[in-house]
Amino acid sequence: MPVLHIDVGHITARVSPLHAGLMTEEINHAYDGGLYAELVANRAFLEQPVPPSQLPPHWSVVSTGAATAGLAVDLGYIFTPELLMSLRLETRDATESRRAGIANDGFWGIPVRPATTYHASFFARISGDHGGPLTLSIESPDGATIYALADIMLRPGTWHRYEADLITAAGLKPTAQARFVISTVKPGTFWFSLVSLFPPTWKDRANGNRPDLMQKLADLHPAFLRFPGGNYLEGDSVSERFDWKKTLGDLRTRPGHMGPWGYRSSDGLGLLEFFHWCEDLNMEPVLGVFAGLTLKSGYIKPGPDLQPYVQDALDEIEYVTGDVTTTWGARRARDGHPAPFRLTYVEIGNEDWKDGWEYDGRFAQFYDAIKARYPSLQLIATHPVTSRTPDVLDDHYYRHAAEFYADVHHYDRTDRKGPKIFVGEWATMEGSPTPTLNAALGDAAWMTAMERNSDLIIMQAYAPLLVNVNPKAAQWPTNLIGYDALTSYGSPSYHAQKVFNAHRGDVVVAATPDVAPGLFTSVTRATRTGALYLKVVNSLGVPRTVRIEIAGTKSVASAGQQTVLTGQPSDVNSLPEPEKIIPTETNLTGLSQTFDHTFPAYSITVLQLQTQG
Ligand code: AHR
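Note that the structure is predicted; figures quoted are calculated from it, not measured.

Student: Just give me the short version of the overall build of the protein chain, but keep the residues and values in it.
Tutor: When helices and strands are counted, the protein chain shows nine helices and 33 strands. The C-alpha extent of the protein chain, read off along each of the three principal axes, is 85 × 60 × 40 Å. Summarising the internal contacts of the protein chain: among those between residues at least 6 apart in sequence, 75% fall at separations of at least 24. Within the structure as shown, the protein chain displays about 23,000 Å² of accessible surface, and the carbon and sulfur contribution to it stands at 53%. Once the 51 positive and 66 negative side-chain charges of the protein chain are each reduced to a mean point, those two points are 2 Å apart.

Student: Any chance you could break down the nonpolar core for me, citing the residues and the numbers?
Tutor: Looking at soluble globular proteins, one finds that nonpolar side chains tend to be buried together. Counting residues in each nonpolar core, the largest one holds 94 residues, and the members touching the most others are W277, F366 and I370. Looking at which element gives the most residues to this core, the answer is helix α8 (residues 437-452), with nine residues. The residues touching W277, leaving out its near neighbours within four places in the chain, are T24, Y31, L35, N209, M214, L217, L225 and M283. If you look at the next biggest cluster of nonpolar residues, it comprises 38 residues, including F45, I102, V112 and L166.

Student: Can you explain the sheet that holds strand β23 (residues 481-483)? Please cite residues and give values.
Tutor: The sheet built from three strands is open, its strands ordered β22-β23-β24 with mixed pairing. Every other strand in the sheet has two partners, leaving β22 (466-468) and β24 (488-490) as the edge strands with one partner each. The sheet shows a mean angle of 20° between the axes of neighbouring strands, taken without regard to direction. Across the face of the sheet, helix α1 (residues 211-219) comes into contact with β23 and β24 while running at roughly 15° to β24.

Student: Lay out the site of the ligand in plain terms, naming residues and giving numbers.
Tutor: Around the ligand, the surrounding shell consists of E25, G230, N231, W261, N350, E351, Y398, E425, P464 and W476. Contact distances for the ligand include 2.4 Å between an oxygen atom and a side-chain N or O atom of E25. E425 is positioned with one of its side-chain polar atoms (N or O) 2.7 Å from an oxygen atom of the ligand. Of the residues contributing to the shell around the ligand, the split by class is four nonpolar, three polar and three charged.

Student: Mind laying out the packing of aromatic side chains, listing which residues take part and the relevant values?
Tutor: A complete count under the given rule lists 31 aromatic pairs for this structure. A ring pair is formed by F224 and F422, whose centres lie 5.5 Å apart and whose planes are at 80°; its orientation type is edge-to-face. A residue pair is termed long-range when its members are at least 10 positions apart, and F224 in strand β13 (residues 224-227) and F422 in strand β20 (residues 420-428) qualify at 198 residues. This pair shows no difference in class: F224 is buried, exactly as F422 is. Connected via pairs of aromatic rings, a cluster forms that spans Y31, F227, Y232, F242, F274, F275, W277 and F341.

Student: A description of the packing of α8 against helix α9 (residues 492-502) should follow, citing residues and the corresponding values.
Tutor: To characterise two packed helices, one gives the angle between the axes of the helices and the distance between these axes. Contact pair α8 / α9: the axes reach a minimum separation of 8 Å and the direction vectors enclose 30°. The pairing of α8 with α9 is recorded here as roughly parallel in orientation. Classified by chirality, the crossing of α9 by α8 is right-handed. Taken together, the residues of α9 that come into contact with α8 (itself represented by L437, A439, A440, D443, A444, M447, T448 and E451) are P492, S493, A496, Q497 and F500. Among the residues making up the contact of α8 with α9, the classes are represented as eight nonpolar, three polar and two charged.

Student: Describe the environment of V238, and please don't skip the residues or the numbers.
Tutor: The topology assignment puts V238 in the loop between α2 (231-234) and β14 (257-258). Among the residues examined, V238 registers a relative accessible area of 22% and is labelled partly exposed. For the pair formed by V238 and R388, sequence separation is 150 residues and the distance between their alpha carbons is 25 Å. With sequence-adjacent residues up to four places away left out, V238 is seen in contact with F290, T294, I300 and Y309.

Student: Tell me what's going on with the side chain of T294, and back it up with residues and numbers.
Tutor: Relative to the helices and strands, T294 is located in the loop between β16 (284-289) and α4 (307-321). There is a polar contact of 3.0 Å between the side chain of T294 and the backbone nitrogen of S297. For T294, the side chain forms a polar contact with the main-chain oxygen of G298, separated by 2.7 Å. The residues contacting T294, other than those within four sequence positions of it, are E234, G235, D236, S237 and V238.

Conventions used here
Residues numbered from 1 in each chain as written. Predicted model: local features only at pLDDT ≥ 70, side-chain atom pairs only at ≥ 80, totals over all residues. Heavy atoms only, no water. Helix = DSSP H or I, 4+ residues; strand = E, 2+ residues; numbered from the N terminus. Contact = heavy atoms within 4.5 Å. Areas by Shrake-Rupley, 256 points an atom, 1.4 Å probe, with all protein chains shown as cover. Lys, Arg positive; Asp, Glu negative; His and termini not counted. Charge placed at Lys NZ, Arg CZ, Asp CG, Glu CD. Core = buried A, V, L, I, M, F, W, Y, C linked by side-chain atoms within 4.5 Å. Buried < 20%, exposed > 50% of the residue type's maximum accessible area, 1.4 Å probe, protein only. Pairing = 2+ DSSP bridges. Axes fitted to C-alpha atoms, helices over the stretch in contact; angles between N-to-C directions. Near = heavy atom within 4 Å. Polar contact = N/O pair within 3.5 Å; in protein donor to acceptor, adjacent residues only side chain to side chain. Nonpolar A, V, L, I, M, F, W, Y, C, P; charged D, E, K, R; others polar. Phe/Tyr/Trp six-rings, centres within 6.5 Å; stacked < 30°, edge-to-face > 60°. Parallel < 35°, antiparallel > 145°, perpendicular 65-115°, else oblique. Left-handed = near helix turned anticlockwise from the far one by under 90°.

Dropping the structure here:
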């Protein structure tokens, strides 16, 4: 029988308090159509109109009987310098029984829930004095079922802002088969911009986040958030990078931008909202700053050409950390957050991997400027450099389970005198749009390896984090949390992380490195309470009984707990079956310093034991 010998008295590493966190970017409609709770797609009409109708994407005409509605994206009345376009609506032959108007189909539907208040707002101007209300409704796609209604009287003259609450009835069946409609029963000409509909948000934040997704993230107990990317930081070209200054303040002044994943971002979730997100989940921000590399338009050479971007990063750090007497700290205060945010880690770029991209020179230029002004900031390099010594190095791994199994000793012998390691993106790429159980086994094996080395690997995060599972929404095959407009689920890998993060001590203790082929282990202990956490991944299709011997402690309590995630390798969770693979918890009895335990086939197990002395 294989033996797992544990020596509680022999501490091999101190677990980094930031060890497990989140990596995020706008991919797979992670924000627009995902975490960012806005329900109206293309709310500012900046997406390219679709030929041959030239209608703006996500918008359509609503008309009853002989009433007609003419729609066009229009520059007739500039809304703001950033949001130039508006939607012109001309209604004809509309009467009390024949409405005409516009409909938005949302991000693959508008989620309708019972007894829920939706906050609608928009800017509009009318030609002349229309004299009648506009009706806002959340309704079925054919208009036959109205879920919520509100009327708004328009004022003549220039652009005005309008808002109303739409409240659904108690007892209705939740659905995402719905649209948002603005209609009238009178002829008229209208212009609209920034048409918005928000459901309740996490912590009731205005312009906030979707509660079910925030709850799933909170349940992971993440210690940090890496943002805003990933490729999304870089953009295909310099003008399509994450240009943080354009993501601040009033939504009327945020133009949004084309992201690298094939769709436009509203930037409603902008720089300040990333920091709100960190505050809401008590996460350490890990701020990525644009370092001159783009995905399709090359890079900016170190030297004078790069200097404006170095200054931009200094401004960004001042926006985050400066007090209100600084230029950018004052701007943050005007944006509603006078108190500076905490910031320790700044990452210079993303995946600057190729020698020809002059990362060494670019990193040095950022490093010198940032360290001169903010000496205590810890700077993360995305690729090894020799010009300066980075505080932390960001390694990325996208692999199959077998590759992770083969590489679990990757960091065991890494020199502890060099930079700390941030495994800023990792995932077992098996399963689409979310991982299979087999992928979760690969992930868990890799997590045991990272945890055993969590003195060195101060932070690690799975990527990508979020996917709207509508086939038109997703770009990346394997992602941690799936959702549509209405509901969401955690993949087996999500549950593996949740279980790992809920059971981690502050020190790693010595344990047999390779207990048996196909078994992967890590053991940590909570110094204060004496709780011992044994993580064992059985990647094989047969149960494995292991003798567990615990030395270095006076006693092991006879009662303990086990948490197990198991199933068939191809099993997945999904919207129809969100909890096919979830952990089970059971109490254990009869434990002592030596006991035998059977780990099921294809399983991830955490044993929680109580040691004394
Ligand atoms: O996580 C998806 C992408 O993979 C990230 O944007 C990029 O950093 C990596 O190549």
